[in-house]
Amino acid sequence: MSQNARDTAPTSRHGVVALSDTGAQWVLVNMAANVADRLQADAAASNHIGWCEAQHRAIVLTDAQVDHVAGLLSLRDGSPIDLYATPAVFEALSRSLPVLPVLQHYCGVHWHIIPVAGETQCASFRVEQLPHLEFTALATQGPTPPYLAEHETQSAAGHSIAIAVRDRDSGQRLFCAPGAVALGYTELDWMRSADCVLIDGLTTWPADEPEDDWQARRKVLLGVPRARKAGLARMALSAPVMAW
């Protein structure tokens, strides 16, 4: 990858989502600095997502982009963090951007590996606090964090993932890809089966993919690609969802 390609990747892509199965326990997908500040400053928001009283705070990371992990250090005072991420993301946050070693000296971090790595493009996992939700991680193409050396991004999969979530009680599905630059045919198949889709505003997909094929049947919540906003409906799942 050329240096120019790395430099042109957007660095302001917050994409933080809060998910729950019953509304009592929550998991945050990514942790931007502005969201961490809001949780500290707004007691109503913090209490609403069951954050203050939680014995363990659960976070799923879709990548190691600074805007998706910068808020982690703001959580250093409090209960331990249950962190779900791929091996590539854990590696980046342990060595290149050593957030995790710092947190270990404060609240502590419990590692939960999402096994998307090498040639493994898809993996299912569970978040312990949310037993009614099933999670699937899908490898996606995402921007390379500028702080990573080029040789650190040669892995076939795991530096960027999308999250597909199914509510076991209602059967409803969520597709969340906050940092993806491009989606392939596999990810689009999962998107078509979703009731609620959250994607980055700059995300693209194959040119031969008929847009109306999924737009007419699927419901998009936010972050719709700029060229594809017309005619898209909005829908919230029966399970609680919040996004920043």
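Predicted model, so just to flag it, every value in this text is computed and none were measured.

## So, the nonpolar core
Then, in step 1: M31, I59, L61, L72, L83, L93 and L103 are the most contacted members of the largest nonpolar core, which has 27 residues in total.
Then, in step 2: Those elements giving two or more residues to this core turn out to be β2 (26-29), α2 (33-41), β4 (81-85), α5 (87-96) and α6 (99-104).
Then, in step 3: In terms of residue count, α5 provides more of this core than any other element does, four residues in total.
Then, in step 4: Among the nonpolar cores identified, the runner-up in size contains 25 residues, and V29, V127, A157 and C176 belong to it.

## A look at the confidence of the model for the chain
Then, in step 1: The share of residues in the chain with pLDDT of 70 or more is 70%, and the mean pLDDT across the chain is 77.
Then, in step 2: Contacts of residues 1-13 to residues separated by more than four positions or lying in other chains number 21 contacts, the stretch itself having pLDDT below 50.
Then, in step 3: Overall, residues 221-238 carries pLDDT values under 50, and its contacts beyond four positions in sequence, including any with other chains, amount to 46 contacts.

## Details of the state of the cysteines
Then, in step 1: Tallying each qualifying case throughout the model produces zero disulfides.
Then, in step 2: C196 provides the cysteine sulfur closest to C176, a residue in no disulfide bond, and the two sulfurs are 8.9 Å apart.

## Topic: the side chain of T86
Then, in step 1: Among the secondary structure elements, T86 is positioned in the loop between β4 and α5.
Then, in step 2: Note on T86: relative accessible area 0%, which makes it buried.
Then, in step 3: Residues within four places of T86 in sequence aside, it is in contact with I114, V116, G158 and I161.

## Here we look at α5
Then, in step 1: Taken as a whole, α5 has its buried residues at A88, V89, F90, A92 and L93.
Then, in step 2: Summarising the contacts, the buried residues of α5 are in contact with α4 (66-69), β4, α6 and β5 (109-113).

## A closer look at a nonpolar patch on the surface
Then, in step 1: Together, L73, V102 and Y106 give the surface a local cluster of nonpolar side chains, amounting to about 260 Å² of exposed area.
Then, in step 2: Position of L73 relative to the elements: it lies in the loop between α4 and β4.
Then, in step 3: Of the residues examined, L73 reaches a relative accessible area of 33% and is grouped as partly exposed.

## As for the environment of I114
Then, in step 1: Summarising the element assignment, I114 is placed in the loop between β5 and β6 (122-125).
Then, in step 2: In sequence terms I114 and R126 are 12 residues apart; their C-alpha atoms lie 9.4 Å from each other.
Then, in step 3: Once residues within four sequence positions are removed from consideration, I114 is found in contact with V60, Y84, A85, T86, P87, F125, A137 and I161.

Quick notes on the rules
- Residues numbered from 1 in each chain as written.
- Predicted model: local features only at pLDDT ≥ 70, side-chain atom pairs only at ≥ 80, totals over all residues.
- Heavy atoms only, no water.
- Core = buried A, V, L, I, M, F, W, Y, C linked by side-chain atoms within 4.5 Å.
- Buried < 20%, exposed > 50% of the residue type's maximum accessible area, 1.4 Å probe, protein only.
- Helix = DSSP H or I, 4+ residues; strand = E, 2+ residues; numbered from the N terminus.
- pLDDT = per-residue confidence, 0-100.
- Contact = heavy atoms within 4.5 Å.
- Disulfide = S-S within 2.5 Å.
- Patch = residues over 30% accessible without salt bridge, like charges linked within 9 Å, V, L, I, M, F, W, Y side chains within 5 Å.
- Areas by Shrake-Rupley, 256 points an atom, 1.4 Å probe, with all protein chains shown as cover.
- Salt bridge = Lys/Arg side-chain N within 4 Å of Asp/Glu carboxyl O.

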